[in-house]
Structures are given as structure tokens and as C-alpha cells.
Amino acid sequence: MDDLIGEKGSRAVRSTAEDRHALARLLASAGTLLALGLLLVMAAYLLTPLRCSSPGADALRIALLVIALACELALGFRALPRLRSFMRNHDLENAIAAAAYLEGRDPAEPPPGDFLFRWFIPYWKAWLVALAAAAFLAAALYLGALA
């Protein structure tokens, strides 16, 4: 490989693969912190009907909310700034450019016309809000069934 593209070229290929892995790790850590925070809030919310019947439920609910807050603080002050810095350093302007970069394509070329690039990635924030709203609605309906 070094003979074909030179030593400098093989280092560039390795660094690009390493950069893609770094971006994937940053996205995974941000997603994990966000999902964990939401799940902990949901778990605390579901413990609400147990408040009357169990004295330890309040303490558990508060502990879950404190851990959820810690997850969201780590997301906001650690994971997202690192992700933004990576994207700025690699000239990735938006989620579509980041997805193209992860796939090894040039972020400047036009994206494919499939569902992922047309409807999901450009509107990822709306999908995330819809998912969280559906989860809270399901929990509210569940709590209504318990009452």
C-alpha cells in the first residue's frame, strides 16, 4: 500500500478511518448520555404511583432524577462541546455532512435520495422530540391506567 500511495497517503487513510471512529465514539457517547437521562426520568416518573405505598420510593425517585441530571450535565458540558469541536475541526456543517463523513464519502457531494438522508437525518431533532413525547405520553397513559 505504501508503494502505491506513498507513506504520507497511507497515514492520511489511517487518520481518516481513525477520525471516523472518533466521530462514531463521540456520537455514541452523546446518544448514550441522552438516552440514559431520558430513561432515568421516565423511571422516576413511573415510580410516582408507588409514592403512597412505599416510603423508599421517594428516595429512589430523587436518586434517579439526580443521576439523570448528572447525565444531562455530562452531555451538555462534556459530550456535546467535544462533538461540536470535532465537527468544526473537520468542516462538518450539519448532521448530513457528519453522516456522509461517517460513511467515508465527501461531505461536499450531494447526499443520496434515500429515506435516511432525505427525511431522518435533516430532521433528527424533530424525530428526537417526537420520540420523547411518545415515551412520556405512554407513561402518562400507563399511570392513568394505574389510577
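Model, not experiment: these values are computed from the prediction.

Trainee: Outline helix H2 (residues 56-89), listing residues and values.
Mentor: Given 3.6 residues per helical turn, the α-helix brings residues three or four places apart onto the same face. Over its 34 residues, H2 extends 48 Å from the first C-alpha to the last, a length consistent with the 50 Å expected when each residue adds 1.5 Å. The principal kink in H2, of about 40°, is found at Leu 75. Here H2 has its buried residues at Ala 57, Arg 61, Leu 64, Ala 68, Cys 71, Leu 75, Ala 79, Leu 83, Phe 86 and Met 87. Downstream of H2 by a residue or two, Asp 91 has a phi angle that is positive, lying close to 55°.

Trainee: Talk me through the side chain of Arg 105; I want residue IDs and the actual numbers.
Mentor: Here Arg 105 lies in the loop between helix H3 (95-103) and helix H4 (115-120). Within the structure, the side chain of Arg 105 is placed 3.5 Å from the side chain of Glu 109, a separation counted as a polar contact.

Trainee: Give a description of a nonpolar patch on the surface that names residues and reports values.
Mentor: On the surface, a nonpolar cluster with roughly 640 Å² of combined accessible area is contributed by Phe 115, Leu 116, Trp 119, Phe 120, Tyr 123 and Trp 127. Sort the elements by how many residues they give to the nonpolar patch and H4 lands first, with 4 residues. Checked against the element boundaries, Tyr 123 lands in the loop between H4 and helix H5 (124-146). Look at Tyr 123 and you get partly exposed, because its relative accessible area is 44%.

Trainee: Tell me what's going on with the environment of Ala 70, and back it up with residues and numbers.
Mentor: Structurally, Ala 70 can be placed in helix H2. Take Ala 70: its relative accessible area is 43%, and that puts it in the partly exposed class. Distance in space between the C-alpha atoms of Ala 70 and Gly 37 is 8.2 Å, their sequence separation being 33 residues.

Trainee: Quick rundown of the pattern of salt bridges? Include the residues and the values.
Mentor: On inspection of all chains with the given rule, the structure shows 2 salt bridges. Glu 103 is the partner of Arg 105 in a salt bridge, and the nearest nitrogen-oxygen pair spans 2.9 Å. The closest approach of N and O atoms between Glu 109 and Arg 105, which form a salt bridge, is 3.5 Å.

Trainee: Talk me through the confidence of the model for the protein; I want residue IDs and the actual numbers.
Mentor: The predicted coordinates of low-pLDDT regions are not to be read in fine detail. Residues with a pLDDT of 70 or more make up 82% of the protein, whose mean pLDDT is 82. For the protein, helix H1 (residues 2-46) is the element with the lowest average pLDDT, namely 78, and H2 is the one with the highest, namely 91. Confidence over residues 8-13 falls short of pLDDT 50; this stretch has 3 contacts with residues more than four positions distant or in other chains.

Trainee: Outline the environment of Ala 98, supporting the account with residue identities and numerical values.
Mentor: Tracing the backbone shows Ala 98 in helix H3. For the pair formed by Ala 98 and Leu 27, sequence separation is 71 residues and the distance between their alpha carbons is 9.9 Å. Dropping the residues within four chain positions of it, Ala 98 is found in contact with Leu 23, Met 87 and Leu 92.

Trainee: Please give an account of H3 that cites residues and values.
Mentor: Within the span of H3, buried status applies to Ala 97, Ala 98, Ala 99, Ala 100 and Tyr 101. With a side-chain oxygen lying 3.1 Å from the backbone nitrogen of Ile 96, the N-terminal cap of H3 falls on Asn 94. At the exit of H3 stands Gly 104, carrying a positive phi of roughly 85°.

Trainee: Please provide a residue-by-residue account of the packing of aromatic side chains, values included.
Mentor: Applying the stated criterion to the full structure yields 4 aromatic pairs. Residues Trp 119 and Tyr 123 carry aromatic rings whose centres are separated by 6.2 Å and whose planes lie at 25° to one another, so their mutual orientation is stacked. Through a chain of ring-to-ring contacts, three or more aromatic side chains come together here, namely Phe 115, Phe 120 and Trp 127. We note Arg 105 situated over the ring of Phe 117; from NZ or CZ to the ring centre the distance is 5.0 Å.

So, how was this worked out
- Along each chain, residues carry numbers from 1 onward, in the same order as the chain's sequence is written.
- Only residues with pLDDT of at least 70 are given local features in this predicted model, and only at 80 or more are side-chain atom pairs given and counted; all residues enter the totals for whole chains, interfaces and linings.
- Based on all heavy atoms of the structure, the side-chain values leave hydrogens and waters out of the count.
- Counting from the N terminus, the helices are the DSSP runs of H or I reaching at least four residues and the strands are the DSSP runs of E reaching at least two.
- Any helix carries an expected span of 1.5 Å times its number of residues minus one.
- What is called the bend at a residue is the angle between a pair of axes, fitted to the seven residues leading up to and ending at it and to the seven starting from it.
- The classification of residues rests on relative accessible area computed with a 1.4 Å probe and restricted to protein chains. Under 20% of the type maximum is buried, over 50% is exposed, and intermediate values are partly exposed.
- Under this definition, polar contacts are N or O atom pairs within 3.5 Å; protein pairs additionally need one hydrogen-donor-capable and one acceptor-capable atom, and for neighbouring residues in sequence, both atoms have to be side-chain atoms.
- Patch membership is restricted to residues that have no salt bridge and whose relative accessible area is over 30%. Joining uses 9 Å for like charges and 5 Å for the nonpolar side chains Val, Leu, Ile, Met, Phe, Trp and Tyr.
- Values of accessible area rely on a 1.4 Å probe in the Shrake-Rupley scheme; residue burial ignores everything except the protein chains shown.
- When a carboxyl oxygen of Asp or Glu lies within 4 Å of a side-chain nitrogen of Lys or Arg, that pair is called a salt bridge.
- The predictor attaches a confidence to each residue, called pLDDT, with possible values from 0 through 100.
- Working rule for contacts: check all heavy atoms of both residues, and any pair within 4.5 Å makes them a contact.
- Side-chain rings of Phe, Tyr and Trp, where Trp is taken by its six-membered ring, are said to pair if the distance between their centres is within 6.5 Å; with planes under 30 degrees apart they count as stacked, over 60 as edge-to-face, and otherwise as tilted.
- The rule for a charge over a ring is simple: NZ of Lys or CZ of Arg within 6 Å of the ring centre, and within 35 degrees of the ring normal.

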